[in-house]
Amino acid sequence: MSTSRAGLRRPGPGGETAQSEPAVARTPATGALSRLIGPDSEAFARDAWARTAQLTPQAGDFSDLFSAAAVDELISRRGLRTPFLRVAKDGSTVPDSSFTSPAGVGATIADQLDDTAVWGAFRDGATLVLQALHRTWAPLGEFVAGLGAELGHPVQANAYVTPPQNQGFDAHYDVHDVFVLQIQGAKRWLIHPPVHPDPLRDEPWSERRSAVADAARGDAYIDTVLEPGDTLYLPRGWLHSARAQGAVSIHLTLGIHNWTRHALAEHLAQEALEALRDDPRMRGTLPLGVDGPADELDFVRERLVAALASADPSHRFRRTRRSRGRAAPLGPLAQHETVAGLGPGTRVRLRGGLEARWEDGRLQTRVGWLDFPGSEREPVTRMLDGEVHTAGDLGVGLVERLLRAGVLVPAEP
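The structure contained in this document is the topic of the report that follows.

Of note, the bond from T82 into P83 is cis; its omega dihedral lies within 30 degrees of zero at 10 degrees. Along the chain, P83 falls in the loop between α3 (68–77) and β2 (85–89). In this model, D360 sits at a positive phi of 55 degrees, which is unusual for a non-glycine residue. In this fold, D360 is placed in the loop between β15 (357–359) and β16 (362–365).

Taken together, 3 strands build an open sheet; the order of strands is β15-β16-β17 and the sheet is antiparallel. Every other strand in the sheet has two partners, leaving β15 and β17 (368–370) as the edge strands with one partner each. Going across the sheet, the axis of each strand differs from the next one's by a mean of 35 degrees, ignoring polarity. Direction of pairing for β16 relative to β17: antiparallel, over a ladder of 3 bridges.

The gaps of empty space that remain are located by a probe, the size of a water molecule, rolled over the atoms. Of the volumes computed, that of the largest pocket is approximately 1,400 Å³. The wall of the largest pocket is formed by 45 residues, among which P154, V155, R324, G325 and R326 lie closest to the centre. Of all elements in the fold, only α5 (133–136), α6 (138–151), β7 (155–162), α8 (261–276) and α11 (314–323) reach the threshold of two or more residues within the lining of the largest pocket. With 7 residues, α6 is the largest single contributor of residues to the lining of the largest pocket. Here the residues of the lining of the largest pocket sort into 16 nonpolar, 17 polar and 12 charged.

Moving on, we come to the packing of α8 against helix α10 (residues 294–310). At a closest axis distance of 8 Å, the pairing of α8 and α10 adopts a crossing angle of 115 degrees. Crossing hand, α8 versus α10: right-handed. Contacts between α8 and α10 involve L268, A269, A272 and L276 from the former and R303, L304, A307 and L308 from the latter. Here the contact of α8 with α10 is composed, by residue class, of 7 nonpolar, no polar and 1 charged.

A word on α11. Taken as a whole, α11 has its buried residues at R316, F317, T320 and R322. Contacts from the buried residues of α11 go to α8, β15 and β16.

All right, on to the nonpolar core then. Inside soluble globular proteins, nonpolar side chains tend to come together where they are buried. Judged by nonpolar contacts, the single largest core of 44 residues is most densely connected at L36, F66, L130, L133, F179 and L254. In this structure, L254 is in contact with L36, F143, V144, L147, V155, Q156, A157, D177, V178, F179 and L181, ignoring residues within four places of it in sequence. Counting residues in hydrophobic clusters, the runner-up holds 19 residues, among them V348, L370, L398 and V399.

One can find T162 in strand β7. For T162, a relative accessible area of 0% corresponds to the buried category. Setting aside anything within four residues of it in sequence, one finds T162 in contact with F122, T127, Q167, K187, A244, A247, V248 and S249.

Where burial is concerned, the two faces of strand β6 (residues 127–130) agree: the one with T127 and V129 and the one with L128 and L130 are both buried. The pairing of β2 with β6 spans 4 bridges and is classified as antiparallel. Across the sheet, residue L85 finds its bridge partner in β6, namely L130. As judged from the 3 bridges shared by β6 and β7, these two strands associate in the antiparallel manner. Directly across from V129, in β7, lies its bridge partner Y160.

The next thing to look at is the side chain of T365. Position of T365 relative to the elements: it lies in strand β16. For T365, the side chain forms a polar contact with the main-chain nitrogen of V367, separated by 3.0 Å. A distance of 2.7 Å separates a polar side-chain atom of T365 from the backbone oxygen of G368. Setting aside chain neighbours within four positions, we find T365 in contact with R322, L354, E355 and A356.

About the criteria used
Residues numbered from 1 in each chain as written. Predicted model: local features only at pLDDT ≥ 70, side-chain atom pairs only at ≥ 80, totals over all residues. Heavy atoms only, no water. Helix = DSSP H or I, 4+ residues; strand = E, 2+ residues; numbered from the N terminus. Pairing = 2+ DSSP bridges. Axes fitted to C-alpha atoms, helices over the stretch in contact; angles between N-to-C directions. 1 Å grid on protein atoms, 1.4 Å probe; cavity = no way out; pocket = protein on both sides within 12 Å on 5 of 7 lines; lining within 4 Å. Points joined across faces, edges and corners; volume = space filled by probe spheres on them. Nonpolar A, V, L, I, M, F, W, Y, C, P; charged D, E, K, R; others polar. Left-handed = near helix turned anticlockwise from the far one by under 90°. Contact = heavy atoms within 4.5 Å. Buried < 20%, exposed > 50% of the residue type's maximum accessible area, 1.4 Å probe, protein only. Core = buried A, V, L, I, M, F, W, Y, C linked by side-chain atoms within 4.5 Å. Polar contact = N/O pair within 3.5 Å; in protein donor to acceptor, adjacent residues only side chain to side chain.

By themselves these figures say nothing about function.
Structure follows, in structure tokens:
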């Protein structure tokens, strides 16, 4: 059953999709998210997030984030290497060697993009997939950082550039949520409910290839043509395929790498097992002649349940979260100039994306941890508000240390 650009078909009785119950205790602040789904983030958090696909026609103008000119700039002038580009045709990726070559005089890099070969592949119907654009295209880097902060889940950005009337990939599902932003041209999307709801990172669609193909032949949940300014949200596991229409299509896919309850359970179990290392009886050897684990299982289960009950995986989980993201860009020359000219009037601010917080009496950040004497804890805490401060206000010596550590950066004049 097809839908209009603004409509959805929800599975009726007997066709419900078995979605897990998502937590909606925290509604993201509006900002980057509101550009994608409109102003009603409460409704999105309640009705769509981790539950169902959502189409938002004419969500906004995204030309400030990406464009055809950006594609040409990245491929022809930036010296990108794989895996920043993938090339796909007839449902599968082509070998990197078919579109890379040595970089030429002054460089010993053998796998930079060959723009002539990339053009040839695109001319012959291949889709170009520019990956990790949050690392290579500044406007997207800033937008993705803001979206990730609002959602509380890491975000990446890819672009899919498809020739007219072509399709890069067959029906499949992703193991992360996605927002699709149509930038140029038009693309027809067919969306089907999951065959395996909420897949984990190690449960790719290729393990269920037959079920995916069968489901994709049924009536679509959404059948629509995305045009510039339209967005589409797909929770992980939702089947999708897309085909460019009468012109070149460019769309962005923002991948949300979801933190799951399963991930939290893994951290909880790791914390409990660490605690059991301190239990002499748990370190003990099983007795001679023991008839399999059944003789010891009740005792081990009892100790493990007790350890789980008292385990707190918060620190471990926060460390993992910090390790999965990056701090905002830092310019070494600008940093050097700020340190060299440091004085009481120097304006500084906390570097973005640090995930800085006090833990166990230390300042933990994405770029390492720092200890401070008691006299410096109050100005450091003030610095964490993200506002602009002067070195004289915080203390010139403290500011110099934080600049050298990459925690503070110069504030814009």
